[in-house]
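# Examining the three-dimensional arrangement
Here is how the chains run, residue by residue.
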Amino acid sequence: MRATTRHLALFAPLALLMLTTFAHAETPASPAREIHVTARKFEFQPKTITVRKGEAVRLVITSEDVDHGFALQGYHIEEKIKAKQTKVIEFTADREGKFAFACSVYCGDGHDEMTGELIVGKERLRIDTRTKTFARVDTPAPAQAPQRSEPPVVAKAHDSNKAAEPYDYHIVNLPTPKQVPRHSLNFYFTHRFAEPVRPLEDTGKDLFGLDSFSISSFGVTYGITDRLYANVYRSPICQPGLCKTIELGLGYHWLSEAGRSPLALSTYASVEGEENFSNRYTYNIQAMLARSVTRYVNLFFSPAVHINANGSGRFNPRPGFFTPEEVAAFRLGQHSGSFGFGVNGRIRPTVSLLFEYTPRVGFKLGQVLPVFDEETGRFLGFKNNSEAEIGFGIEKRIGRHVFSLTFSNTQATTTSRYNSSNLALPPSKFAIGFNLFRRLF
Ligand SMILES: [Cu+2]
């Protein structure tokens, strides 16, 4: 018994030595360079990863807190790292240069700052002229040495995730193609005052029109799948030809800038019914396009057709004071087409400046007014006062909450009505409003 123990004691180190020797013999010539990376709000540690060209790289990324992503666009890598979990990403550093990487899963206010850089340096060889062999020099890659053989690639990883679109579902009134996450219920509230902002001395005690009547509309959007969503929206505005509208719509998200598409695209179809969806229906088909032009600016284009926007001439002047013949002599269009252009420019990680402009063709909502001859007072006909929608504002995003202070020349916010100023406010006059967006769950 004692002899066996002594033998074992002798053998154990020997066996270990043999094992390690074997293990060395079994290891491939160039083992993967393993680099441990920690992801946490709102940084990667280390921030700079340096490897040599040609080297097999094994990134072991651990999230310390919430869900994060690792997007290294220069190497077409985009992986999610679940909260408190570790993800191993393997690749060969076959492209030389500097490559930005970033978190691709929205993780909070500082998400945009969660970036880093992969530096792939030149391969270094030691050539032995005596033995006519060469070997890779096993020193750290030249991180600080200027590597100018390939221009640095700046990855736009932040556009590469559905949850990371740095804009809301609307600019001011203009819809964007932001994706509605599956099974999410989102609340949208808009508020528009009626009186435009005027100099204080003109308005007496009515500070910036804030004492005027206002229109408060609200809606909910539900993500049926990650692409398909349903929308219900109600606007209480009640004017001639326009009253208590409920809009029901379905949208579909086709393209994200994430999917290496140059554009984000959604389409939306809806029906608006007046008197709480009981009559006078308007049908809308809209496309929403977005494109990020820099890290800070997103451009939008949302054209739409609004079928039956004027119903059966419901916005035409009514007989009464005027004869049916006088009224019949004036005709507005029946349908509208609108072409909404928008800009969202980020000035801080969660704050954006907004601008939009929506010219239209066909029927234009506005104010139909009679025109009289100045001298004789004779009735000459009607004219339609209408202005294309213009809106601007400032947006603040806080997690699942977005607040926008807006200035626009229209109170109407439904798809068929936002494009025209129902207040017929010219571009020099704007009314204050705000939008509130809240993702409930
Ligand atoms: Cu993040």
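Moving on: the overall build of the protein chain. Within the protein chain, the regular secondary structure consists of 4 helices and 26 strands. Here the protein chain holds 441 residues, and 35% of them are scored as buried. Taking contacts inside the protein chain between residues at least 6 apart in sequence as the whole, the part at least 24 apart equals 61%.

Relative to strand β4 (residues 56-63), strand β1 (residues 33-40) runs parallel, the two sharing 7 bridges. Bridged to Ile35 within β4 is Leu59. Relative to strand β2 (residues 43-45), β1 runs antiparallel, the two being bridged by 3 bridges. The residue of β2 that forms the bridge with Thr38 is Gln45. Taking the residues between adjacent antiparallel strands as the criterion, β1 and β2 are bridged by 2 residues.

The nonpolar side chains of soluble globular proteins are, as a tendency, buried together. Among the nonpolar cores identified, the biggest contains 24 residues, and Ala39, Ile61, Phe70, Leu72, Phe101, Cys103 and Leu118 are the most heavily contacted of them. Secondary structure elements with two or more residues in this core: β1, β3 (48-52), β4, β5 (68-72), β8 (97-102) and β9 (115-121). Once residues lying within four places of it in the same chain are set aside, the contact partners of Phe70 are Ile61, Ile77, Glu79, Ile81, Ile89 and Phe101. Listed in part, the 10 residues of the second largest apolar core include Leu242, Phe315, Leu332 and Leu365.

Once that is clear, we can look at the environment of Gly313. Residue placement: Gly313 occurs in the loop between β18 (297-307) and α4 (324-328). Separated by 50 residues in sequence, Gly313 and Phe363 place their C-alpha atoms 10.0 Å apart.

Glancing now at the sheet that holds β4. One key point about sheets: their strands pair by backbone hydrogen bonds, in either a parallel or an antiparallel sense. Spatially, the 4 strands line up as an open sheet ordered β2-β1-β4-β7, and their pairing is mixed. Since the sheet does not close on itself, it has two edges, and those belong to β2 and β7 (86-92), each with one partner. On average, adjacent strands in this sheet sit at an angle of 25° to one another, irrespective of strand direction.

So, about unusual backbone geometry. Here the bond from Lys41 into Phe42 is cis, since omega is -5°, no more than 30 degrees from zero. With an omega of 0°, the peptide bond running from Gln45 to Pro46 counts as cis. Mapped onto the elements of the fold, Pro46 is located in the loop between β2 and β3. Even without being glycine, His183 reaches a positive phi, approximately 60°. Of note, His183 is situated in the loop between β11 (133-136) and β12 (185-193). Residue classification places His183 among the exposed residues on the basis of 11 C-beta atoms within 10 Å.

Take the confidence of the model for the protein chain next. Scored by pLDDT, the protein chain comes out at a mean of 83, with 83% of its residues at no less than 70. Note that pLDDT drops below 50 for residues 1-5; the model gives that stretch 0 contacts with residues more than four away or on any other chain. Low pLDDT, under 50, characterises residues 13-28; the stretch is placed with 0 contacts to residues that sit more than four places away or in other chains.

Rules and cut-offs
- Residues numbered from 1 in each chain as written.
- Predicted model: local features only at pLDDT ≥ 70, side-chain atom pairs only at ≥ 80, totals over all residues.
- Helix = DSSP H or I, 4+ residues; strand = E, 2+ residues; numbered from the N terminus.
- Buried ≥ 20, exposed ≤ 12 C-beta atoms within 10 Å, placed from the backbone.
- Contact = placed C-beta atoms within 7 Å.
- Pairing = 2+ DSSP bridges.
- Core = buried A, V, L, I, M, F, W, Y, C linked by C-beta atoms within 7 Å.
- Axes fitted to C-alpha atoms, helices over the stretch in contact; angles between N-to-C directions.
- pLDDT = per-residue confidence, 0-100.

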